[in-house]
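Chain residues, written in single-letter form:
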Amino acid sequence: MTTGLVANRIEVMHGVNLDQLGRRPATHYGTLTFDELEQRITADARELGLEARFFQTNHEGEFVEHLHRLDGLADGIVLNPGAWTHYSWAIRDALELCGLPAVEVHLSDVDAREDFRKVSVVRDHCIATVKGRGPDGYRDALVRLREELQK
Ligand code: DQA
């Protein structure tokens, strides 16, 4: 599908431990490996007329520096910072200064798990949050970003 969108570059950013998908508890995270998840997101993005680019790290400073560098390279962000979501004020500040529209995604339903997962320090710098939808949640996030980029 083509949208004719000029701004269609989506940075899909994964944080700590998400490279280990496929080895993590399937009850929360499903059975897709990280590579399979990225392939699925790539296909969904293409179908929506978006171009997905991927970044994953287990190092918080690298995640922050990647956000610093996005200016001019991306039009929107799909963000799953993993456990950093719940306490990384550094990632929150970097997201704020980066200024791009971002959608927070969690594979699992963070609000139905331990109390510490109910807190998100990045949420108020995101235009939307998708949680508990597994891999489909990334498609939801892409659709939401596409709406935003069409404005
Ligand atoms: C997660 C939820 C976080 O609480 C957890 O630390 C993760 C993955 C999710 O996608 O459901 O690593 O962000």
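In what follows, the structure referred to is the one given above.
First, a word on scope: everything that follows refers to the structure included in this document. (Residues numbered from 1 in each chain as written. Predicted model: local features only at pLDDT ≥ 70, side-chain atom pairs only at ≥ 80, totals over all residues. Heavy atoms only, no water.)

**Remarks on the site of the ligand**
Stage number 1. Every residue near the ligand is listed here: Arg24, Tyr29, Asn80, Gly82, Ala83, His86, His106, Leu107, Ser108, Val110 and Arg117.
Stage number 2. The separation between an oxygen atom of the ligand and a polar main-chain atom of Ala83 is 3.1 Å.
Stage number 3. Arg117 is positioned with one of its side-chain polar atoms (N or O) 2.8 Å from an oxygen atom of the ligand.
Stage number 4. Coverage of the ligand by the protein amounts to 99% of the 320 Å² it exposes when considered alone.
Stage number 5. Using a 2 Å cut-off from the grid points, one finds that the ligand occupies the largest pocket.
Stage number 6. When grouped by side-chain class, the residues that make up the shell around the ligand number four nonpolar, five polar and two charged. (Near = heavy atom within 4 Å. Polar contact = N/O pair within 3.5 Å; in protein donor to acceptor, adjacent residues only side chain to side chain. Areas by Shrake-Rupley, 256 points an atom, 1.4 Å probe, with all protein chains shown as cover. 1 Å grid on protein atoms, 1.4 Å probe; cavity = no way out; pocket = protein on both sides within 12 Å on 5 of 7 lines; lining within 4 Å. Sits in = over half its atoms within 2 Å of the grid points. Nonpolar A, V, L, I, M, F, W, Y, C, P; charged D, E, K, R; others polar.)

**Some points on the nonpolar core**
Stage number 1. Ranked by internal contacts, the top residues of the largest apolar core, which has 24 residues, are Ile10, Val78 and Leu142.
Stage number 2. Breaking this core down by element, the ones donating at least two residues are strand E1 (9-16), helix H2 (34-47), strand E4 (102-106), strand E5 (128-131) and helix H5 (136-150).
Stage number 3. Excluding residues that lie within four positions of it along the chain, Leu142 makes contacts with Ile10, Ile41, Asp44, Ala45, Leu48, Leu50 and Val78.
Stage number 4. Core analysis: the next-biggest nonpolar cluster, separate from the first, contains 20 residues, Phe55, Ala74, Leu79 and Ala102 among them. (Core = buried A, V, L, I, M, F, W, Y, C linked by side-chain atoms within 4.5 Å. Buried < 20%, exposed > 50% of the residue type's maximum accessible area, 1.4 Å probe, protein only. Helix = DSSP H or I, 4+ residues; strand = E, 2+ residues; numbered from the N terminus. Contact = heavy atoms within 4.5 Å.)

**Regarding the layout of surface pockets**
Stage number 1. In this structure, the largest pocket occupies an estimated 180 Å³ of space.
Stage number 2. In this structure, the largest pocket is lined by 16 residues; those nearest its centre are Arg24, Tyr29, Gly82, Ala83 and Arg117. (Points joined across faces, edges and corners; volume = space filled by probe spheres on them.)

**Points about the environment of Gly22**
Stage number 1. Following the sequence through the fold, Gly22 ends up in the loop between E1 and helix H1 (26-29).
Stage number 2. Owing to a relative accessible area of 45%, Gly22 belongs among the partly exposed residues under this scheme.
Stage number 3. Remark: the alpha-carbon pair of Gly22 and Val130, spanning 108 residues in sequence, is separated by 20 Å.
Stage number 4. Among all residues touching Gly22, those that are not within four sequence positions of it are Thr31, Leu32 and Thr33.

**Here we look at the side chain of Arg92**
Stage number 1. Structurally, Arg92 is set in helix H4 (residues 89-98).
Stage number 2. For Arg92, a relative accessible area of 18% puts it in the buried group.

**Examining the sheet that holds strand E2 (residues 51-56)**
Stage number 1. Taken in spatial order, the five strands of this open sheet run E2-E1-E3-E4-E5, and their pairing is parallel. Taken across any chain shown, the strands that pair with only one partner, and hence form the sheet edges, are E2 and E5. Within the sheet, the average angular offset between the axes of one strand and its neighbour, ignoring direction, is 20°.
Stage number 2. Bridge count between E1 and E2: six bridges; the pairing is parallel. Bridged to His14 within E2 is Gln56. (Pairing = 2+ DSSP bridges. Axes fitted to C-alpha atoms, helices over the stretch in contact; angles between N-to-C directions.)

**Overview of the pairing of E5**
Stage number 1. Burial of the side chains of E5 is restricted to one face: Ala128 and Val130 are buried, whereas none of Thr129 and Lys131 on the reverse face is.
Stage number 2. With four bridges joining them, E4 and E5 adopt parallel strand pairing. Within E5, the position partnered with Val103 by the bridge is Ala128.

**Observations concerning the packing of aromatic side chains**
Stage number 1. Summed over all chains, the structure comprises one aromatic pair.
Stage number 2. Seen from their ring centres, Phe63 and Trp84 are 5.5 Å apart, and the 65° between their planes marks the pair as edge-to-face. Of this pair, Phe63 sits in helix H3 (residues 60-69) while Trp84 sits in the loop between strand E3 (76-82) and H4, and the two are 21 residues apart along the sequence.
Stage number 3. By relative accessible area, Phe63 is classed as buried at 0%.
Stage number 4. By relative accessible area, which is 5% here, Trp84 ends up buried.
Stage number 5. The residue whose ring lies beneath Arg24 is Tyr29, and the NZ or CZ to ring-centre distance is 4.4 Å. (Phe/Tyr/Trp six-rings, centres within 6.5 Å; stacked < 30°, edge-to-face > 60°. Lys NZ or Arg CZ within 6 Å of the ring centre and 35° of its normal.)

Honestly, it's all geometry; don't read function into it.
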